[in-house]
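# Analysis of the macromolecular model
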Amino acid sequence: MVTPPLCPVWCARTLEGLAVGVGFGAIGKTASATFENARNLAVGIGIQNFPEGLAVSLPLRGAGVSTWKAFWYGQLSGMVEPIAGVLGAVAITLAEPLLPYALAFAAGAMVYVVVDDIIPEAQTG
Ligand SMILES: [Zn+2]
């Protein structure tokens, strides 16, 4: 059985979901926390989820997994994102003073995931 690389993808998508949730949950709390900025963040993250889903599906397809199964593993890899989004929105509503730290943590964690997983993966094969 081929196992897809879901852990790094789930970690990244959890953080993306948190970022979007925090973006929407923070609307109106600062001058730059607008609906338009939160929407743009969600759209940007949504766009870059296409290659992320492909990064899960294509290696599975290449390893001989059926097309539909590979497709659904790609879809499954994104299921944590809306859940994390709701958690991020709720958390920021309850813990507004933590907003700058939560955003800094999300940004730092994304940089960590890129440096620890994506860059080494991009340099193999
Ligand atoms: Zn993504």
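So, here's what we can say about the structure. Quick caveat, the model's predicted, so the values are computed rather than measured.

Tallying secondary structure elements over the protein chain gives 5 helices and 0 strands in all. Along the protein chain, helices and strands appear, N-terminal first, in the series α-α-α-α-α. Considered along the principal axes of its C-alpha atoms, the protein chain spans approximately 50 × 25 × 20 Å. When the 125 residues of the protein chain are sorted by exposure, 27% land in the buried category. Sequence-distant contacts, at least 24 apart, represent 70% of the contacts inside the protein chain between residues at least 6 apart.

In this section: the environment of Leu103. Residue placement: Leu103 occurs in helix 5 (residues 99-122). For the pair Leu103 and Ala19, spaced 84 residues apart in sequence, the C-alpha to C-alpha distance is 7.0 Å.

Counting 20 residues, the largest nonpolar core has Leu15, Leu18, Ala19, Val22, Ile92 and Ala106 as its most contacted members. Listed by contribution, the elements that provide at least two residues to this core are helix 1 (6-25), helix 2 (35-62), helix 3 (67-76), helix 4 (80-94) and helix 5. It is helix 1 that contributes the most residues to this core, 8 residues altogether. Not counting the four nearest positions on each side in its chain, Val22 is found in contact with Gly88, Ile92, Ala102, Leu103 and Ala106.

Once that is clear, we can look at the environment of Gly88. Counting through the fold element by element, Gly88 comes out in helix 4. The buried category is assigned to Gly88, around which 25 C-beta atoms lie within 10 Å. Sequence separation between Gly88 and Gly46 is 42 residues; the distance between their C-alpha atoms is 16 Å. With residues near it in sequence (within four places) discarded, Gly88 still touches Gly17, Leu18, Val20, Gly21, Val22 and Gly25.

What counts and how
- Residues numbered from 1 in each chain as written.
- Predicted model: local features only at pLDDT ≥ 70, side-chain atom pairs only at ≥ 80, totals over all residues.
- Helix = DSSP H or I, 4+ residues; strand = E, 2+ residues; numbered from the N terminus.
- Buried ≥ 20, exposed ≤ 12 C-beta atoms within 10 Å, placed from the backbone.
- Contact = placed C-beta atoms within 7 Å.
- Core = buried A, V, L, I, M, F, W, Y, C linked by C-beta atoms within 7 Å.

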